[in-house]
Amino acid sequence: MAEEVLRVSDLNAWYGESHVLHGMSFTVREGEVVTLLGRNGAGRTSTLKAILGLVGRRAGSIVVNGVETIRLPTYRIAHLGVGYCPEERGIFSSLSVEENLTLPPEIAKGGMSVDEIYGMFPNLRERRATAQGTKLSGGEQQMLAMARILRTGARILLLDEITEGLAPVIVQALGRVIVKLKERGFTIVLVEQNFRFAAPLADRHYVVEHGRVAESFTAAELPARTGMLHEYLGV
Amino acid sequence: MSISVPALMGQLLIGLINGSFYALLSLGLAVIFGLLNIINFTHGAQYMLGAFVAWFLLNKAGLGYWWALLLVPIVLAAFGVLIERLMLKHLYKLDHLYGLLLTFGLALVLEGIFTHQFGSAGLPYNMPEKLTGGYNLGFMFLPTYRAWVIVASLVICLGTWFVIERTKLGSYLRAATENPSLVQAFGVNVPRMITLTYGFGVALAGLAGVFAAPIYQVSPQMGSSLIIVVFAVVVIGGMGSIMGSILTGFGLGIIEGLTKYFYPEASSTVIFVIMAIVLMVRPQGLFGQR
């Protein structure tokens, strides 16, 4: 069995006074695609943010590639091999498309080259001279937000709601990208609302409810769990 | 009315000189505000400090103007780093008002100390020998030192603009100005960047102080009288815009100079009148984003 690259245990997190994670625990092994499913406000986005230390306060344990990170500053956590694609995409308007793409510094050897990335996202190659990253369409911005963390050598990708608000044809393209990344051995944590997008891509699923993991199951167990899942997700 | 070319050119030159200082100081303010979200009210005092450090170097250590150009920015940057590490960094999560209060208070303390020690009369600082004299351009006399200040500040302003807008380092700075936590999540040490940026902004103010020392008297109040105009410049240009602060700085210096020639009574208020108009028509400033 592949090595564990991410272990979250009894994670609690707060934004100011509000307590958003109540003992999240889950693990991700190298090369896996794992989803965090759940309703809006269940704590999935907060979990990704907490892994990077982007919440107000956190307690518990988050081990990344064997290193305890709960007390590390955010920029040090990234250097352990974590790439983050935030829900709001976070494309910088004062940077050109190319500057956006090359902004995240290299944190390890073995990242994809800019050419390989343009091969994976041909739209970005066409639009790379665009002076303002935010002038791209929503789908292109989403691709850019993902593309820029592939260059850095990060092997664990935290992807937050990458299909949100995008046209079906773009969602399909993103699905193919995830498959390719998995083939390249990336470890991926997907926070998804769109279960039909996530189901065929993931090895395992965690259902998050009230800031903790309520259920977990493998892709093979999925058919037997659909009823339960519908109840949790309300779909 | 007949136009006297030498007098007009003379005022234009004074305008350009003032504009150089407006541009250098408002540039530092813009860089600091962009990343720290703090309006650095200590800027005028730091400019004054720059002039005083140059004076100390000359009178206590025998190090002249050229040494001052090198050492003053370093000393002032270190001073800025200290202020940021010890005080400012505790304020980022609070309302803007606290940053304003702290930096304003610091300015008063610094000016108070220097007034107590040196009085308010001002100390002379001699021009470096190589920059004395001037050129007779036929239609006017151009003192070498003033030409030097204008050219040097232009080079520094444009160099700073280039680094911020056109280099990799600058792209970190622009990105961190927009979304510091995301840049940090990419592995960039943003807190250190903030510290160094403040240091850099303060160094710019100190450098402007060195430029000013031979022209104006080195006095504890030299900053507070200038900084009010500089804040008006910043408001007109739009807070946080780099090119905006450079263009507005030089532009308003020139407008002020022209006003001195054509309607001297208004020369000390023209910038504030423009500020009022800009605030009514375009509250975000001429080059402001929002």
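Everything discussed here concerns the structure shown above.
A brief structural summary. What you see is a predicted model; the values in this text were computed from it and never measured.

Structural notes on the sheet that holds strand β2 (residues 18-29) of chain A
Residue and element names in this part refer to chain A. The 4 strands are arranged β2-β1-β4-β5 in an open sheet whose pairing can be described as antiparallel. The open sheet has two edge strands, β2 and β5 (67-68), and neither has a second partner. Note: strand β1 (residues 4-15) against strand β4 (residues 57-64), 7 bridges, orientation antiparallel. From the neighbouring strand, V8 faces β4, where its bridge partner is I62. Strands β1, β2 and β4 of the sheet are contacted by helix α1 (residues 44-51), whose axis makes an angle of about 75° with β2.

Notes on the nonpolar core
In summary, soluble globular proteins display a tendency toward joint burial of nonpolar side chains. If you look at the biggest cluster of nonpolar residues, it comprises 155 residues, and the most contacted ones within it are A:L159, A:L181, B:F21 and B:F211. In terms of residues, this core owes the most to one element, helix α1 (residues 5-36) of chain B, which gives 14 residues. With 9 residues, the next largest nonpolar core counts A:L37, A:F195, A:A199 and A:M228 among its residues.

So, the packing of helix α2 (residues 43-60) of chain B against helix α8 (residues 190-212) of chain B
Residue and element names in this part refer to chain B. Running from N to C, α2 and α8 point in directions that differ by 55°, and their axes come no closer than 7 Å. On the basis of the axis angle, α2 is oblique to α8. Crossing geometry of α2 relative to α8 is assigned as right-handed. Contacts between α2 and α8 involve H43, Q46, Y47, G50, A51 and A54 from the former and Y198, G201, V202, A205, G206, A208, G209, V210 and A212 from the latter.

Describing the packing of α1(B) against helix α9 (residues 222-237) of chain B
All names here are of chain B. Two numbers describe how α1 lies on α9: the axes approach to 9 Å, and their chain directions differ by 70°. Taken together, α1 and α9 sit at an angle that is classed as roughly perpendicular. As α1 packs across α9, the resulting crossing turns out to be right-handed. Between α1, through F21, Y22, L25, S26 and L29, and α9, the contact on the second element is made entirely by L226, V229, V230, F231, V233 and V234. Tallied by class, residues from the contact of α1 with α9 come to 10 nonpolar, 1 polar and no charged.

Reading the values: rules and limits
- Residues numbered from 1 in each chain as written.
- Chains lettered and ligands numbered in written order.
- Predicted model: local features only at pLDDT ≥ 70, side-chain atom pairs only at ≥ 80, totals over all residues.
- Heavy atoms only, no water.
- Pairing = 2+ DSSP bridges.
- Helix = DSSP H or I, 4+ residues; strand = E, 2+ residues; numbered from the N terminus.
- Contact = heavy atoms within 4.5 Å.
- Axes fitted to C-alpha atoms, helices over the stretch in contact; angles between N-to-C directions.
- Core = buried A, V, L, I, M, F, W, Y, C linked by side-chain atoms within 4.5 Å.
- Buried < 20%, exposed > 50% of the residue type's maximum accessible area, 1.4 Å probe, protein only.
- Parallel < 35°, antiparallel > 145°, perpendicular 65-115°, else oblique.
- Left-handed = near helix turned anticlockwise from the far one by under 90°.
- Nonpolar A, V, L, I, M, F, W, Y, C, P; charged D, E, K, R; others polar.

Fair warning: the whole summary comes from geometry, so function is off the table for now.
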